[in-house]
Every structure is written in structure tokens, then in C-alpha cells.
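# Topology and contacts: notes
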Amino acid sequence: MRGFAAPARDLVILAPETGAPILADDHERRFFEAAWMHKRGDKYYFSYSTGDTHFLVYAMGNSPLGPFTYAGRILEPVLGWTTHHSIVEFQDRWWLFHHDCEMSKGVSHLRNVKVREIFYDEEGKILPVKAE
């Protein structure tokens, strides 16, 4: 790749109750790091880590350019500092890959990878999973 087709743009995540952008002090829903996007049907899912609250959450939109509306949590906090992930479809099933520090008993730089099947409800929302 030698360049981009267009300049970089801000990705906006809206609060469902107000339609206003989620602010940085909303630690349970704000974007912090570990961005991932996937498409299922006609919806785009932008998922990410909230940082210090350790939630893996997502927002939904009709375009990869947004705007996205916050839709909920995917995964409750795991053992370890970070929650980074990916979501992929394989053989008509959806899979969440993430890591934690369970095998190292909480040593945050010694991470192990986990995979779990995820499911969607009839509205297209991801059903949350509990950390193991």
C-alpha cells in the first residue's frame, strides 16, 4: 500500500439514549484501544476495549464510516490488564478470539489466547458472554 483513497476520518460512537457522542469520561462505554470491525448481514460492528474498566464492548452502524451507536458489552472483564480481541465468521458460526492471563495466574505480560463462539439476537445484537 502506498497511500489512502481518502484522508483519515474520526469514528463517532453515539450514546443510544441521547444520540450525542460518547465522551472520554464515560469509562464504561468510551473507546480506549483495540479496535476491530466486522460486518454481519447489512450491519457493521465496531468493537473495542474501554481501557481501565476492562470491558469489551461494541457499537453498530450502517456503514464502515459510521456513525456507530453504542450497543453493549461483548465480554465482561477477564483476568489481566487488557482485553484485545477479534471477531470472525468461520463455517457459518461467529467466533470471538481474545486473551487473558488465567494460565499465568494474573501476570499481565504472560497472556493466553482464548476462543469462544458468540451469538446474535434477532435484532442483530451480540449476546454477551462471561469470562471463563
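Residues numbered from 1 in each chain as written. Predicted model: local features only at pLDDT ≥ 70, side-chain atom pairs only at ≥ 80, totals over all residues. Heavy atoms only, no water.

### Details of the pairing of strand β2 (residues 33-40)
Direction of pairing for β2 relative to strand β3 (residues 43-49): antiparallel, over a ladder of six bridges. Among the inter-strand pairings, arginine 40 is bridged to a residue of β3, identified as lysine 43. (Pairing = 2+ DSSP bridges. Helix = DSSP H or I, 4+ residues; strand = E, 2+ residues; numbered from the N terminus.)

### A closer look at the nonpolar core
Tyr58, Ile74, Ile87, Leu96, Ile118, Tyr120 and Ile126 are the most contacted members of the largest nonpolar core, which has 15 residues in total. Of all the elements in the fold, those that place two or more residues in this core are β4 (56-61), β5 (68-75) and β7 (93-100). Dropping the residues within four chain positions of it, isoleucine 87 is found in contact with Trp36, His38, Ser47, Ile74, Trp94, Trp95, Leu96, Ile118, Tyr120 and Ile126. In terms of nonpolar packing, the next biggest core, distinct from the first, is built from 11 residues, Ala15, Ile22, Phe46 and Tyr48 among them. (Core = buried A, V, L, I, M, F, W, Y, C linked by side-chain atoms within 4.5 Å. Buried < 20%, exposed > 50% of the residue type's maximum accessible area, 1.4 Å probe, protein only. Contact = heavy atoms within 4.5 Å.)

### Some remarks on the pattern of salt bridges
Tallied over the full model, the rule gives seven salt bridges. The salt bridge partner of arginine 73 is glutamate 28, with a shortest N-O separation of 3.1 Å. Of this pair, arginine 73 sits in strand β5 while glutamate 28 is found in the loop between β1 (13-14) and β2, placing the two residues 45 residues apart along the sequence. On the accessibility criterion, glutamate 28 (41% relative accessible area) is partly exposed. A cluster of three or more residues bridged by salt bridges with shared partners is formed by Glu17, Asp26 and Arg29. (Salt bridge = Lys/Arg side-chain N within 4 Å of Asp/Glu carboxyl O.)

### A short note on a nonpolar patch on the surface
A surface patch of nonpolar side chains, amounting to about 410 Å² of accessible area, comprises Trp36, Val88, Phe97, Val113 and Val115. Among the residues examined, tryptophan 36 registers a relative accessible area of 30% and is labelled partly exposed. (Patch = residues over 30% accessible without salt bridge, like charges linked within 9 Å, V, L, I, M, F, W, Y side chains within 5 Å. Areas by Shrake-Rupley, 256 points an atom, 1.4 Å probe, with all protein chains shown as cover.)

### Considering the confidence of the model for the protein chain
Here the protein chain averages 91 in pLDDT, and 95% of its residues register 70 or above. Model confidence for the protein chain, summarised as mean pLDDT per element, is weakest for strand β8 (residues 112-118) at 89 and strongest for β1 at 98. (pLDDT = per-residue confidence, 0-100.)

### Some points on the packing of aromatic side chains
To describe a pair of aromatic rings, you give the distance between the ring centres and the angle between the ring planes. If you walk through the whole model with that rule in mind, you get seven aromatic pairs. The interplanar angle of 70 degrees and the centroid separation of 5.6 Å between the aromatic rings of tyrosine 45 and tyrosine 120 together place this pair among those described as edge-to-face. Taken together, the positions of tyrosine 45 in strand β3 and tyrosine 120 in the segment after β8 put the pair 75 residues apart, joining distant regions of the chain. For tyrosine 45, a relative accessible area of 1% gives the class buried. Chaining the aromatic ring pairs together yields one cluster made of Phe31, Phe46, Tyr48 and Phe68. Taking NZ or CZ as reference, arginine 29 lies 5.5 Å from the ring centre of tyrosine 70, over its face. The ring of tyrosine 120 carries the charged tip of arginine 40 above its face, separated from the ring centre by 3.9 Å. (Phe/Tyr/Trp six-rings, centres within 6.5 Å; stacked < 30°, edge-to-face > 60°. Lys NZ or Arg CZ within 6 Å of the ring centre and 35° of its normal.)

### Some details on the sheet that holds β3
Here five strands make up an open sheet; going across it, the order is β1-β5-β4-β3-β2 and the pairing mixed. Unpaired on one side and paired on the other, β1 and β2 mark the two borders of the sheet. Across six bridges, β3 lies against β4 in antiparallel orientation. Bridging across to β4, serine 47 finds its partner in tyrosine 58.

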